[in-house]
Amino acid sequence: MRPIIIAANWKMNTTPSDAGPLAAAIAAATDAPDVVRVICPPYVCLAPVREALAGTGVAVGAQNVHVMAAGAFTGEIGAAMLAGLADWCIVGHSERRRDQHETDELVGRKLARCLESGLRPIWCVGEQLDEREAGRAEAVVREQVREALTAGGLADGAWSSSIVIAYEPVWAIGTGRTARGSDAAAMAGAIRAALEENGWSHAQAETVPILYGGSVTSASIGEFLAEPAIDGALVGGASLKPDEMAGIVARAATTAAARRAAAG
Ligand code: 13P
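Criteria and thresholds
- Residues numbered from 1 in each chain as written.
- Predicted model: local features only at pLDDT ≥ 70, side-chain atom pairs only at ≥ 80, totals over all residues.
- Heavy atoms only, no water.
- Near = heavy atom within 4 Å.
- Polar contact = N/O pair within 3.5 Å; in protein donor to acceptor, adjacent residues only side chain to side chain.
- Areas by Shrake-Rupley, 256 points an atom, 1.4 Å probe, with all protein chains shown as cover.
- Nonpolar A, V, L, I, M, F, W, Y, C, P; charged D, E, K, R; others polar.
- Axes fitted to C-alpha atoms, helices over the stretch in contact; angles between N-to-C directions.
- Helix = DSSP H or I, 4+ residues; strand = E, 2+ residues; numbered from the N terminus.
- Left-handed = near helix turned anticlockwise from the far one by under 90°.
- Contact = heavy atoms within 4.5 Å.
- Phe/Tyr/Trp six-rings, centres within 6.5 Å; stacked < 30°, edge-to-face > 60°.
- Buried < 20%, exposed > 50% of the residue type's maximum accessible area, 1.4 Å probe, protein only.
- Pairing = 2+ DSSP bridges.

Of all residues adjacent to the ligand, which total 13 residues, the nearest are Lys11, His93, Gly174, Ser215 and Gly237. Note that an oxygen atom of the ligand is positioned 3.0 Å from one of the side-chain N or O atoms of Asn9. A distance of 2.6 Å is found between an oxygen atom of the ligand and a backbone nitrogen or oxygen belonging to Gly174. Coverage of the ligand by the protein amounts to 94% of the 300 Å² it exposes when considered alone. Looking at the shell around the ligand, its residues break down into 4 nonpolar, 7 polar and 2 charged.

Structure, rendered in structure tokens:
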């Protein structure tokens, strides 16, 4: 059975002084041991968030990592620097693809860097609006999967149990517009098929949790978790609001209990 995961991507919000109290408030509002909870604050807030979350069961993630281990890369953060601060790391978010021109090739190498450094990557994929309107959404995402697996040397599936994939249609991010649950589920199926086509076993492709991201709120989460192919959410704007996170994680806990009961 795949875990249910709710990950918070705070993006470029919060400061070292307000991040800890916000993280603590979210942890207190989302006490659900069956749901894997992860908060990804900005780098400079990792330490206070880590401290605030000690003993709560909520994990900490970074929003990015540099592809190289160390060296002359002014302003960058390498995986080894995150040791003791973060256990997870978002990789390939569409805002970085857009603003920092990250390619699938780079994303694949960053995935490999995370995995060999002990960070669990939340690997983001997703199509643009024009690609969906042209009927190419699944082809685009399948190609994203293929290129990153190839570049990262991840086609043998050896790391399948450490990877989480987030399907985030770019047109749904920060727009208040969500995909339909059925479309997200179809994409999760396409992603698992692409993993298999590129070398993973069926069992490995079935093991990887796939999250939905894009304008998720406590009101919309249910539509996604109703889909057996979807295993949680990567939440942006709503993840800065403890009340919203309480509703999202409560719904996720219901799903986790139902899936456990169904699995016997
Ligand atoms: P929003 O939930 O604000 O649309 O952001 C989604 C996202 O990009 C999470 O990584």
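With that out of the way, let us pick up the packing of helix H1 (residues 19–29) against helix H2 (residues 46–53). Orientation of H1 relative to H2, taken along the N-to-C sense of each, is 35 degrees, at an axis distance of 8 Å. H1 and H2 meet at a crossing whose hand is right-handed. Taking contact as the criterion, the partners of Ala19, Gly20, Ala23, Ala24 and Ala27 in H1 are, on H2, Pro48, Val49, Ala52 and Leu53.

Applying the stated criterion across every chain yields a total of 2 aromatic pairs. Seen in terms of ring centroids, Tyr167 and Tyr212 are 6.4 Å apart; in terms of plane orientation they differ by 65 degrees. Their pairing is edge-to-face. With Tyr167 in strand E6 (residues 164–167) and Tyr212 in strand E7 (residues 210–213), this residue pair connects regions lying 45 residues apart in the sequence. Assigned by exposure class, Tyr167 and Tyr212 land together as buried. Tyr212 sits in the buried class, given a relative accessible area of 0%.

Turning our eyes to something else, we now look at the pairing of strand E4 (residues 88–91). Here E4 shows no split at all, with Trp88 and Ile90 on one side and Cys89 and Val91 on the other all buried. Note: strand E3 (residues 59–62) against E4, 2 bridges, orientation parallel. Bridge pairing in E4 links Gly61 to Trp88. Across 4 bridges, the pairing between E4 and strand E5 (residues 120–125) is parallel. Residue pairing across strands places Trp88 opposite Arg120, the latter belonging to E5.

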